[in-house]
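Below are the chains, spelled out letter by letter.
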Amino acid sequence: MKRIIGNTLILLIGLVCFAQKQLTVQVNQPVAEIQPTMWGIFFEDINFGADGGIYAELIKNRSFEFYKPLMGWREIGRGRAGEVRIINRMDANPPNPRFARLICKTDTLSYGLSNEGFRGLGVKKDLPYHFSIIARVPENDKLRLKIELIDSVSKIIGNAVIEEFGTDWKKYQVTFISSATEPRAKLNLLVEGKGMLDIDMVSLFPDDTWKNRPNGLRADLVQMLYDLKPGFLRFPGGCIVEGHDLDVRYQWKKTIGPDEERELIVNRWNTEFMHKHTPDYFQSFGLGFYEYFLLSEDLGAEPLPIINCGMACQFNTGELVDLDQLEPFIQDALDLVEFANGPTTSKWGKKRAEMGHPEPFGLKYLGIGNEQWGEQYIERYKAIASVLKEKNPEIQLVAAAGPSPNDGRFHYLWKELKALNADLIDEHYYMNPNWFLDNARRYDNYDRKGPKVFAGEYASHGPSNDDPTSRNTWLSALTEAAFMTGLERNADVVYMTSYAPLFGHVNAWQWRPDLIWFDNLRVAGTPNYYVQKLFANYKGTHTVPILMNEKTIAGEDSLYASAVIDKKSGEVILKIVNTASVKSMLKIKLSGIKSLDKHAEIIRMHSNNLLEYNTLEEPAKISPMTGKLPLSGKTIELQADEKAFYVIKVKYK
Ligand code: AHR
């Protein structure tokens, strides 16, 4: 009896494996145009994404403005050699009130401060480093400042000296080369000579920033974004837009202009999670709105700023600005449009030009509030949107749909926003892997004439272990790929999508999974990153039907599929996901064409272990493998491996 059951099972599995499935792609029947913005990036300063991450500044608390002014700093020679005083200039310098006064007590002993960086300073052998400081000697003392980069055993690996300070504040700069690669270096500042040195804005940047810009971004991290070919860049978040309370909401005007005039505030992820307290997390705004616009331009992505709509984070204080007090918020939005697009003769266009970009940034999209919900949101959205629509009708507005993809708040907001003819509605889903499979048809029945969807934050949240990157499993990426075929199939409704969050520092994260992991010197794409990259790099221009048994494919026999054509290059591109534990033999007939090339490009992502993930040590364990697939006639034969994602691209006539 047992044997028979066993054989029957083997036979059944054999049939499942090898019974060929017939698929058809109707190449000559384009359904929807794919928006250039379809696959984009969500950027938020969470997990050390900006300060300590993409913003290449290596000094933490460079202007002594953290709650604890010496956080990140340690005194060298405290007591006999000298002491430090923190002076507050109060109204004389509201955005940057504090500075440090280093008092060196003797001519023989040096005294100073050491900065620990963001979990260390990551430095590279033979690379120049640019040090700068704003300083003065208030009593005209003759002092020298020794700058020493030290490795983890306190060996000096780079140094420089600044002397002849004046009595007025002035920026001093010097460049030195690091003689070693070190992920956890420190920077020592040592005063020599008896007297007082006042210091502020202590800064160290690597020479190899993105496009070698001073005060720039980490080139390796930007390169990862560039390689995605994103359609848009949403910034600066995320909950960071809202703030824990309104006092610490994101205010874009305070993030532009000279660095030393950008007012630092706490990062709301600093204390958000008890289990991941990060007390040294602040926003220096070295990466501010001007730099975000510049980054969008560099990436060839549409800028999509999100502004605060008079509401603090509803998971925290939920503070509201009264409706009759909303005017400054509305003005901020109007001024932002002028900053991005206005002529250089306008007030805010002039500021853009002064910062180095006289040409407009070509802003087309603006988000009103982040992840808000409730009647209070609708009231504020209405007030802000009505003015924007009147003054800047060319700007498409993104409205919020709350934090959940399917609850009362979500349905209420959709109903209200639809009635208001909202342009785009921002849906968020941090859900389990099965949800992503079950929702591959989510948009099939959305109203084609209603507001368009911005799937603005999503990620498949599954199992993990203590390893930071372990929540970015192949399971999470594979289920996202399956779901994304549904996004693509519905490109007439879904206009923008972005995975969230974007970055995670392995030693300083608060939230996971994240798309890209890094430490002070290395970076790794997750399997999820490569899935995003494949969809975005093989975007096409129009969707076309891909059918099995004359129906779209969204879970039948554990298969998920979408197809697009690229009218410019004359290519058809298929995306196929097999989530089954067995192979699937597919015979894919392409109809409505004269002929196909002899070979297709085939890209496969696969792992037999759904719980496998990439690490900084093995960053490409799960990544795309490219090959050629021979074709005959107008048919593609594919033996789709179990738990695999394929992209197949071929030229047609
Ligand atoms: O992506 C992390 C957070 O998730 C975002 O800041 C917020 O919008 C959402 O709750």
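1. Here we look at the packing of helix α3 (residues 289-299) against helix α4 (residues 327-341)
Two packed helices can be described by the angle between their axes and the distance between those axes.
Link 1 in the chain: One can describe the packing of α3 onto α4 by two numbers: an axis separation of 11 Å at closest approach and a directional angle of 50°. On the basis of their axis angle, the class for α3 and α4 is oblique. You can see that α3 and α4 cross each other, and the crossing is right-handed. Contacts between α3 and α4 involve F289, Y290 and F293 on the former and, on the latter, L336, F339 and A340.
Link 2 in the chain: Classifying every residue of the contact of α3 with α4 by side-chain character gives 6 nonpolar, no polar and no charged.

2. Considering the site of the ligand
Link 1 in the chain: Every residue close to the ligand is listed here: F42, E44, G238, C239, W269, N370, E371, H428, Y430, E457, P501 and W511.
Link 2 in the chain: E371 places a side-chain nitrogen or oxygen 2.8 Å from an oxygen atom of the ligand.
Link 3 in the chain: For the ligand, whose free accessible area comes to 280 Å², the fraction covered by protein is 97%.
Link 4 in the chain: Class assignment of the residues belonging to the shell around the ligand gives a composition of 6 nonpolar, 3 polar and 3 charged.

3. Thoughts on unusual backbone geometry
Link 1 in the chain: At the junction of A500 and P501, the peptide bond is cis and its omega measures out at -15° in the coordinates.
Link 2 in the chain: Tracing the backbone through its elements, the reader meets P501 in the loop between β23 (494-499) and β24 (503-505).
Link 3 in the chain: Each neighbour pair has its own omega, and for R512 with P513 the value is 5°, a cis peptide bond.
Link 4 in the chain: Within the chain, D126 stands out as a residue other than glycine whose phi angle is a positive 70°.

4. Here's the deal with the sheet that holds strand β15 (residues 232-235)
Link 1 in the chain: The strand order β3-β15-β18-β19-β20-β21-β22-β23 describes an open sheet built from 8 strands, whose pairing is parallel. With partners counted over all chains shown, the strands left at the sheet margins are β3 (41-42) and β23, one partner each.
Link 2 in the chain: As defined by bridge partners, β15 adjoins strand β18 (residues 302-307) across 4 bridges and the pair is classed as parallel. Each residue of the ladder has a partner; that of R234, found in β18, is L304.
Link 3 in the chain: Sheet contacts for helix α9 (residues 474-489): β21 (424-431), β22 (452-460) and β23; angle to β22, the most-contacted strand, approximately 170°.

5. Some words on the pairing of strand β13 (residues 182-192)
Link 1 in the chain: Sheet analysis places strand β7 (residues 111-115) next to β13, joined by 5 bridges and oriented antiparallel. By the bridge assignment for β13, S114 is matched with N188.
Link 2 in the chain: Bridge count for strand β10 (residues 144-150) against β13 is 7 bridges, and the pairing is antiparallel. When the bridges of β13 are listed, I147 appears paired with L189.

6. A closer look at the packing of aromatic side chains
Link 1 in the chain: The tally for this structure, following the rule as stated, stands at 48 aromatic pairs.
Link 2 in the chain: Consider the rings of F289 and Y292, whose centres lie 6.2 Å apart with planes at 90°: the pair is edge-to-face. In this pair, F289 and Y292 are both assigned in helix α3, 3 residues apart and thus about one turn of the helix distant.
Link 3 in the chain: We classify Y292 as buried; its relative accessible area is 2%.
Link 4 in the chain: Their ring planes at 45° and their centres at 5.9 Å tell us that Y377 and Y381 sit as a pair that is tilted.

7. Considering the sheet that holds strand β1 (residues 21-26)
Link 1 in the chain: Strand order in the open sheet made by the 5 strands is β29-β28-β1-β32-β35, with mixed pairing throughout. For this open sheet the edge positions go to β29 (551-552) and β35 (635-640), each flanked by a neighbour on one side alone.
Link 2 in the chain: Across 2 bridges, strand β28 (residues 546-548) lies against β29 in antiparallel orientation. Note on β29: the bridge partner recorded for M548 is K551.

8. Considerations on the nonpolar core
Link 1 in the chain: One finds Y377, L487 and F645 to be the most contacted residues of the largest nonpolar core, which totals 126 residues.
Link 2 in the chain: Each residue touching F645, except ones within four places of it in the same chain, is listed here: W474, L478, A481, V531, L534, F535, K575, I576, V577, I603, R604 and M605.

9. Regarding the pattern of salt bridges
Link 1 in the chain: Per the counting criterion, the structure on display carries 49 salt bridges.
Link 2 in the chain: Residue R213 is joined to D298 by a salt bridge in which the shortest nitrogen-to-oxygen separation is 2.8 Å. With a gap of 85 residues between them, R213 in the loop between β14 (195-206) and α2 (219-228) and D298 in helix α3 connect regions that are remote in the sequence.
Link 3 in the chain: Since its relative accessible area comes to 13%, D298 is described here as buried.
Link 4 in the chain: Across the pair E556 and R441 runs a salt bridge, and its minimum N-O distance is 3.1 Å. Of this pair, E556 sits in the loop between β29 and β30 (559-566) while R441 sits in the loop between α8 (433-438) and β22; the two residues are 115 residues apart in sequence, bridging distant segments of the chain.

10. Some details on the packing of α2 against helix α10 (residues 527-537)
Link 1 in the chain: Across the interface, α2 lies against α10 with an axial gap of 8 Å and an inter-helix angle of 45°. By the criterion of interaxial angle, the relationship of α2 to α10 is oblique. Judged by residue contacts, M224, D227 and L228 of α2 engage Y529, Q532, K533, A536 and N537 from α10.

11. Quick notes on helix α6 (residues 375-391)
Link 1 in the chain: For α6, built from 17 residues, the straight-helix expectation of 24 Å at 1.5 Å per residue is met to within 8% by its first-to-last C-alpha distance of 25 Å.
Link 2 in the chain: Buried within α6 are the following residues: Y377, I378, R380, Y381, I384, A385 and L388. The arc that holds the buried residues of α6, viewed along the axis, is 165°, so those residues lie on one side. Projecting away from the buried face of α6 at angles above 90 degrees are the exposed residues E375 and E390.

12. Describing the domain arrangement of the protein
Link 1 in the chain: Here the protein is described as being made up of domain 1 (17-30 + 544-651), domain 2 (41-56 + 210-539) and domain 3 (73-206).
Link 2 in the chain: One C-alpha centre belongs to domain 1, the other to domain 2; they are set 31 Å apart.
Link 3 in the chain: At the interface, 37 residues of domain 1 touch 35 residues of domain 2.
Link 4 in the chain: Across the interface of domain 1 and domain 2, roughly 2,900 Å² is buried in total on both sides, 70% from carbon and sulfur atoms.
Link 5 in the chain: Run the count over domain 1 and domain 2 and you get 3 salt bridges.
Link 6 in the chain: Between domain 1 and domain 2 we count 15 residue pairs in polar contact (both at pLDDT 80 or more) in total.
Link 7 in the chain: Listed by contribution, the elements that provide at least two residues to the side of domain 1 that touches domain 2 are β30, β31 (571-578), β33 (599-606) and β36 (644-651).
Link 8 in the chain: When grouped by side-chain class, the residues that make up the side of domain 1 that touches domain 2 number 20 nonpolar, 10 polar and 7 charged.

13. Quick look at α2
Link 1 in the chain: Within α2, the full set of buried residues consists of L221, V222, M224, L225 and L228. Projected down its long axis, α2 shows its buried positions confined to an angular sector of 150°, all on one face.
Link 2 in the chain: The secondary structure elements touched by the buried residues of α2 are β3, α3, β24, β25 (516-518), β26 (523-525) and α10.

14. Section: the environment of E338
Link 1 in the chain: Along the chain, E338 falls in helix α4.
Link 2 in the chain: If we skip the residues at most four places from it in the chain, E338 touches S346, K347, W348, G349 and R352.

15. Notes on the side chain of E44
Link 1 in the chain: As for its position among the elements, E44 is in the loop between β3 and β4 (73-76).
Link 2 in the chain: The side chain of E44 is buried and forms no salt bridge, while R268, the nearest opposite charge, is found at 5.7 Å.
Link 3 in the chain: Among the polar contacts made by the side chain of E44, one reaches the main-chain amide nitrogen of I240 at a distance of 2.9 Å.
Link 4 in the chain: A distance of 3.2 Å separates the side chain of E44 from the side chain of W269, its partner in a polar contact.
Link 5 in the chain: Residues within four places of E44 in sequence aside, it is in contact with G49, P236, G237, G238, C239, I240 and W269.

About the criteria used
Along each chain, residues carry numbers from 1 onward, in the same order as the chain's sequence is written. Owing to the predicted nature of the model, reporting of local features is limited to residues with pLDDT of at least 70; listing and counting of side-chain atom pairs is limited to 80 or more, with chain, interface and lining totals taken over all residues. Only hydrogens and water are removed before side-chain values are computed, so all heavy atoms of the structure are retained for them. Fitted lines through C-alpha atoms give the axes, limited to the stretch in contact for helices. The angle between two N-to-C directions lies from 0 to 180 degrees. Think of it this way: any DSSP run of H or I at least four residues long counts as a helix, any run of E at least two long counts as a strand, and we number them from the N terminus. Roughly parallel covers angles under 35 degrees, roughly antiparallel covers those over 145, roughly perpendicular covers 65 to 115, and oblique covers all other angles. Working rule for handedness: look at the near helix, and if it is turned counterclockwise from the far one by less than a right angle, call the crossing left-handed; if clockwise, right-handed. Contacts were defined at the residue level, with two residues in contact if any of their heavy atoms lie within 4.5 Å. Three classes are used: nonpolar for Ala, Val, Leu, Ile, Met, Phe, Trp, Tyr, Cys and Pro, charged for Asp, Glu, Lys and Arg, and polar for all others, with Gly counted as polar. Definition of nearness: a residue and a molecule or strand are near each other if at least one heavy atom of the residue lies within 4 Å of the molecule or strand. Between N or O atoms, a polar contact is any pair within 3.5 Å; within protein, one atom must be a potential hydrogen donor and the other a potential acceptor, and residues adjacent in sequence are included only when both atoms are from side chains. Reported accessibility uses the Shrake-Rupley method at a 1.4 Å probe radius. Residues are deemed covered only where the shown protein chains occlude them. A strand pair is defined by DSSP finding two or more bridges across the two strands. Any pair of Phe, Tyr and Trp rings, taking the six-membered ring for Trp, is counted once the centres come within 6.5 Å. Such a pair is stacked with planes under 30 degrees apart, edge-to-face with planes over 60 apart, and tilted for the rest. Classification of residues uses two cut-offs on accessible area relative to the type maximum, computed with a 1.4 Å probe and protein chains only: under 20% is buried, over 50% is exposed, and between them is partly exposed. As used here, the term nonpolar core means buried Ala, Val, Leu, Ile, Met, Phe, Trp, Tyr and Cys residues forming a set that is joined through side-chain atoms within 4.5 Å. A pair is scored as a salt bridge if a Lys or Arg side-chain nitrogen falls within 4 Å of a carboxyl oxygen belonging to Asp or Glu. The span expected for a helix works out to 1.5 Å for each residue beyond the first. Arc definition: it is the arc formed by the directions from the helix axis to the C-beta atoms. Throughout the structure description, domain borders are defined by an automatic or database domain assignment. In short, buried area is how much 1.4 Å probe accessible area vanishes from two parts on joining, totalled over both. Just so you know, the count uses Lys and Arg for positive and Asp and Glu for negative, and it drops His and the chain ends.

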